[in-house]
Amino acid sequence: MPAGTTRPALILHGGAGARRERNYDREIVHMREVVEAMKARLEAGASALDVVVEATAMLEESGLYVAGRGASPNLAGAYELDASLMEGSTRRAGAVAALQGFKSPITAARAVMDRTPHVMLAGEGAALFAMDQGLEAIGDEAAWFTHAGQGEDNHPPGTLSHGTVGCCVLDTHGVLAAGTSTAGVFGKMPGRVGDTPIPGAGSWADEGAAVSCTGQGEYFIRVAAGAQVGWRVGSGQSLAEATRGVIDQIGALGGDGGLIALDAAGNIADPFNSQGMKRAWLRPDGEIGVEVFGR
Ligand code: ASP
């Protein structure tokens, strides 16, 4: 597709579970590389949805974050992965929950959106569908997973420690999209599903805003975090006010985490109430930035 006239923008995250005692040099370099690659794609006219999938797949594949290759197992030792994505202009959405055995949950979510009449497939049904679609299987789990989260974050059982990846994009055609992919929280029960695969909670995109959340997913579900940002922006709040309001609600309930968001003008917001949130962005003026702890 030839490029449109809107100046593109993007923000991605590698999770809000960052700890001050740890060094994130590799993640910082990697996030910048992903943004630079996606900047070129957007300038060439790629759609927001395609860029969301490509950026998120790069984050999954890197093994540096607690999603995709860097996933952590549940309490039974199984890797159950979640992902979702949404396109603002059409409100099309796709998701997989508790998917086992496939390398790129975000790619599976895209296939659910494009090739089924459904929004979400879970568990065995999601895996059978992924197989049927010829998506890349993991094979030997011990060789594939990098265990990025093990030792990365201090995660005593029961604390809902976390790590996730996600991306929000405004393309040159003025379309917004968002996507998120995760292994969930550390020490989760078998079958536990968080906010990440739920459009309206972990991911959201409408005409006015795109949102990807990271943190203790139970709290993000309870406040409909992604959709709430969209509704607030739709009723006149700035993106900064809307996103801060939602993170404050999560904090008031006792939850922690953060979110990234973009509006239709290319404004970026990235509030969090945890110690840090790995993130990188491209602004409409072409500036690329990366941050973990600061604002
Ligand atoms: N929100 C994800 C979940 O609860 C975890 C994360 O963002 O790190 O599954």
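As a reminder, the structure under discussion sits directly above these lines.
Residues numbered from 1 in each chain as written. Predicted model: local features only at pLDDT ≥ 70, side-chain atom pairs only at ≥ 80, totals over all residues. Heavy atoms only, no water.

J.: I would appreciate a short explanation of the sheet that holds strand β10 (residues 268-269) in the present structure.
T.: Backbone hydrogen bonds hold the strands of a sheet together, and the pairing may be parallel or antiparallel. In space, the 4 strands of this open sheet follow the order β7-β8-β9-β10, with antiparallel pairing throughout. Each end of this open sheet is capped by a strand with a single partner; those strands are β7 (203-205) and β10. Where β7 meets strand β8 (residues 209-215), 3 bridges bridge the pair, whose relative direction is antiparallel. Within β8, the residue paired with Ala205 across the bridge is Ala210. (Pairing = 2+ DSSP bridges. Helix = DSSP H or I, 4+ residues; strand = E, 2+ residues; numbered from the N terminus.)

J.: Which parts of the structure should I look at to understand the site of the ligand?
T.: The full set close to the ligand counts 12 residues, and Gly163, Thr164, Arg192, Asp195 and Gly215 are the nearest of them. One of the side-chain N or O atoms of Asp195 is found 2.6 Å from a nitrogen atom in the ligand. Here Gly217 contributes a backbone N or O atom positioned 2.9 Å from an oxygen atom of the ligand. When the ligand is considered free in solution it has 270 Å² of accessible area, and contact with the protein chains removes 100% of it. Its residues assigned to classes, the shell around the ligand shows 1 nonpolar, 9 polar and 2 charged. (Near = heavy atom within 4 Å. Polar contact = N/O pair within 3.5 Å; in protein donor to acceptor, adjacent residues only side chain to side chain. Areas by Shrake-Rupley, 256 points an atom, 1.4 Å probe, with all protein chains shown as cover. Nonpolar A, V, L, I, M, F, W, Y, C, P; charged D, E, K, R; others polar.)

J.: For this particular structure, what's the right way to read the pairing of strand β2 (residues 81-87)?
T.: Two faces, one strand: in a regular strand the side chains alternate between the faces of the sheet. Counting buried positions along β2 gives 7 out of 7 residues, so the element sits mostly inside the fold. Residues Leu81, Ala83, Leu85 and Glu87 of β2 are buried on one face, and the alternating residues Asp82, Ser84 and Met86, pointing to the opposite face, are buried as well. The pairing of β2 with strand β3 (residues 93-99) spans 5 bridges and is classified as antiparallel. Among the inter-strand pairings, Ala83 is bridged to a residue of β3, identified as Val96. The hairpin turn running from β2 into β3, its antiparallel successor, is 5 residues long, and Arg91 in that turn takes a positive phi close to 60°. (Buried < 20%, exposed > 50% of the residue type's maximum accessible area, 1.4 Å probe, protein only.)

J.: Before we go on, may I ask you to explain the packing of aromatic side chains in this structure?
T.: Evaluated as defined, the whole model comprises 3 aromatic pairs. When the ring of Tyr79 is compared with that of Phe145, the centres are 3.8 Å apart and the planes differ by 10°; the resulting orientation is stacked. Of the two residues, Tyr79 is situated in the loop between α2 (48-62) and β2 and Phe145 in the loop between α5 (141-144) and β5 (164-170); the sequence distance between them amounts to 66 residues. Owing to a relative accessible area of 8%, Tyr79 belongs among the buried residues under this scheme. Taking the ring centre of Trp144 as reference, the NZ or CZ of Arg69 above it sits at 4.3 Å. (Phe/Tyr/Trp six-rings, centres within 6.5 Å; stacked < 30°, edge-to-face > 60°. Lys NZ or Arg CZ within 6 Å of the ring centre and 35° of its normal.)

J.: Hey, could you run me through the sheet that holds strand β11 (residues 279-282) in this one?
T.: Here 8 strands make up an open sheet; going across it, the order is β4-β3-β2-β6-β5-β1-β11-β12 and the pairing mixed. Strands at the two margins of the open sheet, each flanked by one partner only, are β4 (120-122) and β12 (288-291). Geometrically, the sheet is characterised by an average inter-axis angle of 5° between neighbouring strands, direction not taken into account. The pairing of β2 with strand β6 (residues 176-182) spans 6 bridges and is antiparallel. (Axes fitted to C-alpha atoms, helices over the stretch in contact; angles between N-to-C directions.)

J.: Mind showing me how you'd approach the environment of Gln216 here?
T.: Topologically, Gln216 is positioned in the loop between β8 and α6 (217-222). A residue is classified by how much of its surface remains accessible, and Gln216, at 8% relative accessible area, is buried. When the C-alpha atoms of Gln216 and Glu27 are compared, they prove to be 21 Å apart, with 189 residues separating the residues in sequence. Within polar-contact distance, the side chain of Gln216 engages the backbone nitrogen of Asp256 at 2.7 Å.

J.: Looking at this structure, how should I read the nonpolar core?
T.: Soluble globular proteins tend to bury their nonpolar side chains together. Core analysis: the biggest nonpolar cluster contains 44 residues, and Leu10, Leu12, Val35, Val51, Val96, Leu99 and Val169 have the highest contact counts within it. Among the elements that take part in this core, α2 stands out by supplying 7 residues, more than any other. Grouped together as the second largest cluster of nonpolar side chains are 36 residues, Ala93, Ala242, Phe272 and Trp281 included. (Core = buried A, V, L, I, M, F, W, Y, C linked by side-chain atoms within 4.5 Å.)

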